[in-house]
Amino acid sequence: MTTLPAATPARKPASGAQQKLLAFASLIALLVFFSVASPNFLQTSNMLAILQATSVNGVLAIAATLVIITGGIDLSVGTLMTFCAVMAGVILTNAGMPLPLGVLGAIAAGAVCGTISGTLVAKMKIPPFIATLGMMLILKGLSLIISGTKPIYFNDTPGFSEISTGSLIGRIIPSVPVPNGVLILFVLALVIGYVLNRTVLGRYCFALGSNEEAVRLSGVNTDAWKIAIYALAGSICGIAGLIIASRLNSAQPALGLGYELDAIAAVVIGGTSLAGGRGSILGTMIGALIMAVLLNGLRVMSVAQEWQTVVTGGIIIAAVYADMLRRRRAAS
Amino acid sequence: MTTLPAATPARKPASGAQQKLLAFASLIALLVFFSVASPNFLQTSNMLAILQATSVNGVLAIAATLVIITGGIDLSVGTLMTFCAVMAGVILTNAGMPLPLGVLGAIAAGAVCGTISGTLVAKMKIPPFIATLGMMLILKGLSLIISGTKPIYFNDTPGFSEISTGSLIGRIIPSVPVPNGVLILFVLALVIGYVLNRTVLGRYCFALGSNEEAVRLSGVNTDAWKIAIYALAGSICGIAGLIIASRLNSAQPALGLGYELDAIAAVVIGGTSLAGGRGSILGTMIGALIMAVLLNGLRVMSVAQEWQTVVTGGIIIAAVYADMLRRRRAAS
Amino acid sequence: MTPAATLVRMTGIDKHFPGVHALRSAQFDLHPGEVHALMGENGAGKSTLMKVLSGIYQPDGGTVEVSGEPATINGPRAAQALGIGIIHQELALMNDLTVAQNIFIGREPRRSFGRLDEAKLNADAQTIFAQMKVRIDPRAEVRTLSVARQQMVEIAKALSFRSRILIMDEPTAALNDAETNELFAIIRGLKAEGVGIVYISHKMDEIRRISDRVTIMRDGAYVGTVSAADTPIETIISMMVGRALESVHVDIPDLTSAPVALEVRGLNRGRIIRDVGFSVKQGEILGFAGLMGAGRTEVARAIFGADPRDSGEIIVHGKPATIRSPQDAVAAGIGYLSEDRKHFGLALGLDVRANVGMTSLARFSNAMGVLDEAALQKTAQDYIAQLAIRTPSDRQEVRLLSGGNQQKIVIAKWLLRNCDILIFDEPTRGIDVGAKAEIYRLMQALAADGKAIIVISSELPEVLRLSHRIAVMCEGRLTGILPGGPGTRQEDIMRLATQKHGAPEEALA
Amino acid sequence: QDKIYIPLVSKGFQHQFWQAVKAGADQAAAEFGVEVTFEGPDTEAQVDKQMDMLSAALAKKPAALGFAALDSQAATPLLRQAQEAGIPVIAFDSGVDSDIPATTVTTNNLAAAALAADKMAELIGGAGKVALVVHDQTSRTGIDRRDGFVNRMAEAYPDIEIVDIQYGGGDQLMSTEITKAMLTAHPDMKGVFGANEGSALGVINAVRETNTQGLVVIGYDSGAAQKAAIKEGLMAGAITQSPVGMGYETVKAAIAATKGETLPTTIDSGFAWYDATNMDAPEIAAVLYD
Ligand SMILES: Nc1ncnc2c1ncn2[C@@H]1O[C@H](COP(=O)(O)OP(=O)(O)OP(=O)(O)O)[C@@H](O)[C@H]1O
Ligand SMILES: Nc1ncnc2c1ncn2[C@@H]1O[C@H](COP(=O)(O)OP(=O)(O)OP(=O)(O)O)[C@@H](O)[C@H]1O
Ligand SMILES: [Mg+2]
Ligand SMILES: [Mg+2]
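Residues numbered from 1 in each chain as written. Chains lettered and ligands numbered in written order. Predicted model: local features only at pLDDT ≥ 70, side-chain atom pairs only at ≥ 80, totals over all residues. Heavy atoms only, no water.

Under an unreviewed UniProt entry, chain A has the name ABC transporter permease and belongs to Pseudotabrizicola sediminis. One UniProt comment on chain A, placed under Subcellular location (unreviewed entry), says "Cell membrane". (UniProt positions renumbered as here; feature names shortened; annotations may be inferred.)

Have a look at this one:
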């Protein structure tokens with residue numbers, strides 16, 4: 001077999017690094033456009049506002065990325081976030097427990113719900129769409145029930161609002177008061193990016209999405225891993241719950257519906273395939289930023305709201321198309 | 001990813017006919033339960049109310065079924081419905097044209113938008129999720145713009161409200177005044193069921209969802225067929241737009257968001273796979289009915305709304321699981 | 001050998017699938033250090049029996065003993081624990097993962113906290129490839145590899161388990177002779193280490209070369225076990241098919257006055273196809289030989305419009321044809337059977353009838369696009385009979401058929417289309433001897449009927465047996481065209497197939 | 001920027017009520033020669049999306065800001081930011097728990113819904129079963145209108161039983177289905193209160209589709225369809241706020257604030273009961289919108 005020609009990958013897609021750079025192009029194009037179009041756009045405070053607007057959707061999108069890479073989908077990310085926020089409210093405000101317990105409680109609640117979704121999908125073989133649709137509704141109802149359909153305020157837990165709106169970075173570099181919510185998003189992205197690319201769990205994420213049956217035939221306990229992945233995604237939703245609750249200084253029990261589409265959109269704009277098997281956290285972050293920049297830029301330009309919607313729709317399509325064209329060109 | 005022959009040895013689906021009967025089981029169980037739980041449930045008028053409540057979601061779900069069988073997804077069904085309703089309003093009320101033109105106009109608008117989505121997916125290779133997400137936003141904005149963010153009333157077109165609320169059947173059999181909207185739903189289900197199972201277009205729907213590349217290499221113009229399927233789905237959304245506009249005697253430009261999830265849920269509850277290649281209109285109809293019966297029954301039982309949500313979520317999961325178990329048993 | 005030395009003993013194995021009695025009291029045994037071939041027609045139950053042994057299926061009846069101990073093998077893990085490894089007939093790879101990641105899935109070298117040791121992973125894979133004497137980049141994504149290389153990855157994966165019992169279900173279906181030789185060298189090495197190997201193949205010559213004993217199955221039942229060295233091939237074949245087969249030989253017709261059906265001039269595509277030109281006459285069978293990756297499939301796909309061309313003219317029946325898509329090609333009367341049936345040939349989730357009809361729906365529908373299901377059914381059933389496709393009915397989902405029967409369905413759909421020019425890419429891959437003979441006869445009949453036929457095959461005996469002329473490719477170039485018939489030897493083809501660019505041109509026939 | 005710029009961040013956008021507020025704001029903008037923009041999230045649950053809109057509005061360095069808070073506390077940090085930047089804030093529709101706003105232009109929803117309860121009691125003869133179709137379970141207006149109605153019934157009309165309260169998101173179709181289920185469950189129901197325009201129209205639609213006779217329907221807000229339903233006799237009457245006036249007053253107050261004028265703590269934009277008898281009276285017709 002020494003006669004094998006060196007692999008001449010005619011149809012090989014662009015390399016990972018290349019692909020990521022290309023994905024940035026749309027984001028940068030948007031930033032440049034809005035900077036030119038509106039003098040107010042490129043202020044530090046507005047950039048921080050964009051980052052803060054990304055924080056919740058970005059974290060949810062990271063959770064969704066994990067599940068989508070396995071070939072599943074998670075419609076419950078939004079209402080799970082709310083449920084976790086409400087749990088934090090119950091622990092901190094209603095039960096008056098100390099802050100760390102509230103944080104742990106919210107994340108644990110997310111992990112438990114994720115485990116349930118994962119079990120429905122892996123063990124009971126319910127299609128992810130249905131399992132997480134069911135969970136989405138159940139959690140929406142439970143949030144309302146537990147909270148008594150009223151927001152729970154965190155006025156008695158002074159440190160709570162620091163989680164998202166305080167600024168550790170700002171204490172060190174006062175001119176860049178990046179809110180902690182944004183910091184959490186970026187740290188989380190790094191951690192989950194590492195998990196995806198460098199750990200067994202990440203490996204099985206891609207493997208399950210690529211060919212679950214083949215993984216099972218290799219003797220891997222696919223069910224257990226799948227549940228673990230959903231549980232991880234759930235606990236990330238718990239973090240999103242903390243960020244949003246801290247930002248609003250309250251757990252808003254009615255919030256969360258519709259957030260799943262934004263999160264999934266960020267994931268798909270970022271180049272992760274809904275068919276599973278491929279995707280990246282960097283892509284998802286870019287996708288989430290594209291959406292946030294777009295909305296903020298149109299608002300700063302004072303575009304009428306109905307036109308904002310039209311333009312957003314068009315640009316989402318255009319951004320993905322441009323990406324596709326560039327990838328195809330890079331491939332040939 | 002194609003599954004290995006070994007993939008689901010124990011889970012081979014039951015034959016078509018069996019499967020359909022089994023799918024009915026959850027629906028019948030729900031009907032029996034609510035009949036026992038509430039004496040008012042089983043009245044003719046309430047049964048008609050349930051059917052009428054199914055009409056819009058059912059028609060949208062039929063459109064979504066077509067696209068989902070090809071392996072795609074259509075997030076724009078809800079706002080496309082609204083857009084078509086607004087177009088009917090523009091034609092009938094603003095331009096004062098005769099009724100048939102309004103009906104044709106709404107359906108044509110749906111077909112044109114479907115063609116655009118189809119072209120984005122087939123020719124420009126944009127993932128269906130993104131193409132139809134973009135269309136969803138664009139159409140939402142356009143509906144508001146065209147209507148001037150105001151409802152358009154059909155007071156000057158007296159026949160218009162007959163489309164959905166009149167009763168052709170009631171004229172013949174006065175004791176069963178099935179509204180025309182419901183009649184349209186059932187006729188459409190029969191027609192599209194026939195198209196799916198007995199025509200070339202239907203065959204290519206399944207084939208595209210099963211293995212698009214194999215179909216292309218069989219010398220089939222897959223792009224053209226895909227566009228045709230999206231266009232057909234779009235024109236069905238146009239029919240949904242007529243039904244809802246006629247029911248509300250107005251085109252409500254702000255409505256439609258969120259309807260896509262209900263439609264897709266009905267499709268998936270009905271046993272159509274989001275991976276494409278398998279599904280049925282009968283299943284979708286059962287799925288849509290399950291959702292309508294569930295909501296109506298819980299409301300008639302005066303269950304508190306937050307609990308309605310929880311129960312709905314749980315029952316959707318349970319119904320699909322029960323279905324799965326029965327299919328598995330039938331297969332072995 | 002003493003019974004205690006028996007590695008595996010399967011007796012009375014029964015297995016039902018809905019509508020199919022796949023195994024009827026089947027039996028099989030395996031000794032350490034032997035290669036035991038398992039033979040039978042398509043759908044005889046070979047793969048099913050081995051899936052029972054590797055824990056993928058649970059038998060409905062019968063016993064399995066491993067090393068003399070009764071064993072319940074309830075999953076792949078249990079099989080691995082017993083030292084049983086399997087190379088599946090259908091590739092079971094994760095396309096999005098790299099080669100090394102595929103090989104060690106489930107057994108990744110780890111560091112603390114579940115972190116992966118990617119360097120060791122790649123090095124370990126490299127070691128295995130070095131043992132196999134194969135050059136594959138462990139970091140390459142599997143989806144970018146050709147089917148043959150993917151098959152090599154599967155083999156590497158099975159070897160990495162260091163199993164005592166290794167099942168190979170048609171490992172050479174996608175390999176050419178050189179690669180097959182390398183595999184055999186590996187098998188001999190394993191044999192020497194005392195590994196018991198189950199070898200499934202439809203290539204009769206391989207059985208002689210590699211196996212010690214042969215077990216023959218028919219219709220899910222055990223027929224007999226014979227010694228490979230002492231049993232004539234004809235005997236094995238008749239045990240498989242229940243009758244003797246007459247051999248097929250070339251009978252080259254005189255085509256001097258026959259019109260040219262297809263002419264290709266100056267075909268180029270990147271570095272994969274370089275200036276390929278040839279012609280096929282009506283009634284002619286043109287064989288295409290070459291090593292893996294020589295570019296034959298690429299040439300076929302380019303002609304068929306499945307891939308874009310950089311340049312090149314395609315002339316059909318003397319008229320230049322504009323072919324930009326498979327649709328154009330089919331309209332021009334060209335049909336193409338892909339070598340990769342799973343990805344490019346079949347809609348696995350659909351039934352036999354739908355797949356057979358795929359190329360020709362226009363013929364089975366009226367102006368409104370309504371299908372004539374009765375006619376489709378009759379046609380599908382005709383082909384099931386004609387090609388002896390083993391399926392419970394024409395409504396069976398194709399993914400539930402055995403590999404060889406799936407291949408026959410791909411053939412059926414192109415026969416139905418009735419093209420003037422047919423390109424068969426590895427048409428007998430995974431097809432049993434009986435059916436193979438049937439397909440050869442079919443191609444000869446099609447040629448006699450005036451069709452132009454191109455056969456791409458990596459099996460030289462097949463090319464020699466069928467072709468009126470033989471085109472040979474190497475590294476994207478057409479290195480020569482040889483006459484068919486007994487005058488041409490395998491060595492002539494091999495010389496052209498390894499002729500790198502720059503070497504002197506050989507005579508063109 | 002030469003023109004004074006005042007963004008209004010509202011609770012909603014597409015609904016007729018908010019469009020009427022927008023119309024009032026635009027009217028004031030034209031009259032006083034200032035520039036106004038108007039936006040709000042898709043649903044009243046999306047508190048955080050409203051924060052993002054507020055951030056973007058502040059980035060534009062406006063002269064003043066109109067704000068209808070979805071949550072009375074959540075926006076406090078951003079409002080403080082506005083205060084620090086010297087941007088006066090005018091609260092409208094509902095107030096915030098803060099002394100930052102220069103004034104609050106609002107309707108007393110509790111009192112308005114109590115008025116609806118009084119009218120309902122009067123029309124059904126002081127006894128019987130009634131139900132509510134409310135647009136939202138958690139938003140301020142939803143809660144106030146529900147509680148205003150329910151509390152008034154509880155304290156003043158012991159013979160009236162509230163048999164069901166359901167929430168239809170202000171979606172007419174969903175409100176229709178809800179009402180039909182209620183009518184099925186309680187065939188002897190005497191009246192239904194629809195707590196916003198979409199809810200009220202849904203109730204009317206259900207009455208029409210089921211051909212129910214004698215049900216007293218009370219609505220909220222106006223719009224062409226509700227006005228027509230009242231004329232037709234399908235709806236007994238409705239509470240109207242003055243959204244146009246609210247928008248107008250908000251912008252006017254904002255301009256005053258930029259000039260440093262002192263403003264009263266609240267500006268009541270008012271509400272009124274209207275039915276077939278008084279609809280065409282000039283003072284009522286003036287606060288109705290299509
Ligand atoms: N999961 C399944 N469900 C239904 N039928 C099956 C299934 N798997 C195999 N069969 C059937 O069982 C029979 C034996 O199939 P098997 O794959 O074992 O054949 P094989 O001898 O390996 O054939 P080939 O040489 O074509 O690979 C065939 O008729 C096949 O269609
Ligand atoms: N899907 C693919 N992606 C990337 N490269 C490919 C792909 N398919 C083929 N190639 C490359 O194109 C070249 C020609 O391959 P082709 O399949 O045409 O060869 P072939 O002569 O048909 O051999 P065989 O089919 O036996 O492998 C090879 O270098 C191969 O690696
Ligand atoms: Mg086999
Ligand atoms: Mg090839």
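Back to the text.
(A) Broad picture of a nonpolar patch on the surface. A contiguous nonpolar surface patch, about 300 Å² in accessible area, is contributed by Ile28(A), Val32(A) and Val36(A). Structurally, Val36(A) can be placed in helix H1 (residues 16–37). (Patch = residues over 30% accessible without salt bridge, like charges linked within 9 Å, V, L, I, M, F, W, Y side chains within 5 Å. Areas by Shrake-Rupley, 256 points an atom, 1.4 Å probe, with all protein chains shown as cover. Salt bridge = Lys/Arg side-chain N within 4 Å of Asp/Glu carboxyl O. Helix = DSSP H or I, 4+ residues; strand = E, 2+ residues; numbered from the N terminus.)

(B) Looking closely at the interface of chain B and chain A. Listed per partner, the contact involves 46 residues of chain B and 46 residues of chain A. In total, chain B and chain A occlude about 3,800 Å² of area from one another, counting both sides; carbon and sulfur atoms represent 86% of this. Sorting the residues of chain B by area buried against chain A places Phe129(B), Leu261(B) and Ile317(B) first, and these three jointly supply 16% of that buried surface. Counting the contacts that link chain B with chain A gives zero salt bridges. (Contact = heavy atoms within 4.5 Å. Buried area = accessible area lost by both parts, 1.4 Å probe.)

(C) Quick peek at the coordination of the magnesium ion (ligand 4). Residue and element names in this part refer to chain C. In the first shell of the magnesium ion (ligand 4), the protein supplies Thr297 (OG1) and Glu339 (OE), at 1.8 to 2.6 Å from the metal. Of this pair, threonine 297 sits in helix H9 (residues 296–304) while glutamate 339 sits in the loop between strand E16 (334–337) and helix H11 (341–345), and the two are 42 residues apart along the sequence. Residue threonine 297 is classed as buried on the basis of its relative accessible area, which comes to 17%. Look at glutamate 339 and you get partly exposed, because its relative accessible area is 22%. (Donors = N, O, S within 2.8 Å, 3.2 Å for Na, K, Ca; no water. Buried < 20%, exposed > 50% of the residue type's maximum accessible area, 1.4 Å probe, protein only.)

(D) Fine view of the pairing of strand E7 (residues 165–169) of chain C. Residues and elements named next belong to chain C. In terms of burial, E7 is a largely internal element, five of the five residues being buried. Every second residue of E7 is oriented toward a common face, with Ile165, Ile167 and Asp169 on one face and Leu166 and Met168 on the other, all of them buried. Bridge count for strand E6 (residues 84–87) against E7 is four bridges, and the pairing is parallel. The residue of E7 that forms the bridge with isoleucine 84 is isoleucine 165. (Pairing = 2+ DSSP bridges.)

(E) How the structure looks around the relation of the copies chain B and chain A. Of the transformation superimposing chain B on chain A, the axial component is 0.0 Å and the angular component is 180 degrees, with the fit at an RMSD of 0.1 Å. Read as a symmetry element, the transformation amounts to a two-fold axis. (Least-squares fit on C-alpha atoms with pLDDT ≥ 70 in both.)

(F) Focus on the interface of chain D and chain B. Between chain D and chain B, the contact holds 28 residues from the first and 30 residues from the second. Where chain D touches chain B, the interface holds three salt bridges. One salt bridge in this structure joins Arg247(B) and Glu177(D), with 2.8 Å as the shortest N-O distance. At the surface where chain D touches chain B, the tally comes to 19 residue pairs in polar contact (both at pLDDT 80 or more). Secondary structure elements with two or more residues in the side of chain D that touches chain B: helix H1 (16–32), strand E7 (160–167), helix H6 (172–185), helix H7 (197–210) and helix H8 (224–232) of chain D. Here the side of chain D that touches chain B takes ten residues from H6(D), the largest share from any one element. Class assignment for the residues of the side of chain D that touches chain B results in ten nonpolar, ten polar and eight charged. (Polar contact = N/O pair within 3.5 Å; in protein donor to acceptor, adjacent residues only side chain to side chain. Nonpolar A, V, L, I, M, F, W, Y, C, P; charged D, E, K, R; others polar.)

(G) Here's a closer look at the site of ligand 1. In the neighbourhood of ligand 1, 21 residues make up the surrounding shell, with Gly43(C), Ser47(C), Thr48(C), His202(C) and Ser402(C) lying closest. Per-site note: the chains with residues close to ligand 1 are chains B and C. Within the backbone of Gly43(C), one N or O atom sits 2.7 Å away from an oxygen atom of ligand 1. Contact between ligand 1 and Ser402(C): an oxygen atom at 2.7 Å from a side-chain N or O atom of the residue. Protein contact buries 95% of the 640 Å² of open area that ligand 1 shows by itself. Looking at the shell around ligand 1, the elements that each hand over two or more residues are strand E2 (20–30), helix H1 (46–53) and helix H14 (403–417) of chain C. Ranked by residue count, the leading element in the shell around ligand 1 is H1(C), at three residues. For the shell around ligand 1, the per-class residue count stands at eight nonpolar, ten polar and three charged. (Near = heavy atom within 4 Å.)

(H) Local environment of the coordination of the magnesium ion (ligand 3). Residues and elements named next belong to chain C. Every protein donor of the magnesium ion (ligand 3) is accounted for by Ser47 (OG) and Gln89 (OE1), and the metal-donor separations fall at 2.0 Å. Taken together, the residues span a long stretch of sequence, with serine 47 in helix H1 and glutamine 89 in the loop between E6 and helix H3 (99–103) at a distance of 42 residues. Serine 47 sits in the buried class, given a relative accessible area of 17%.

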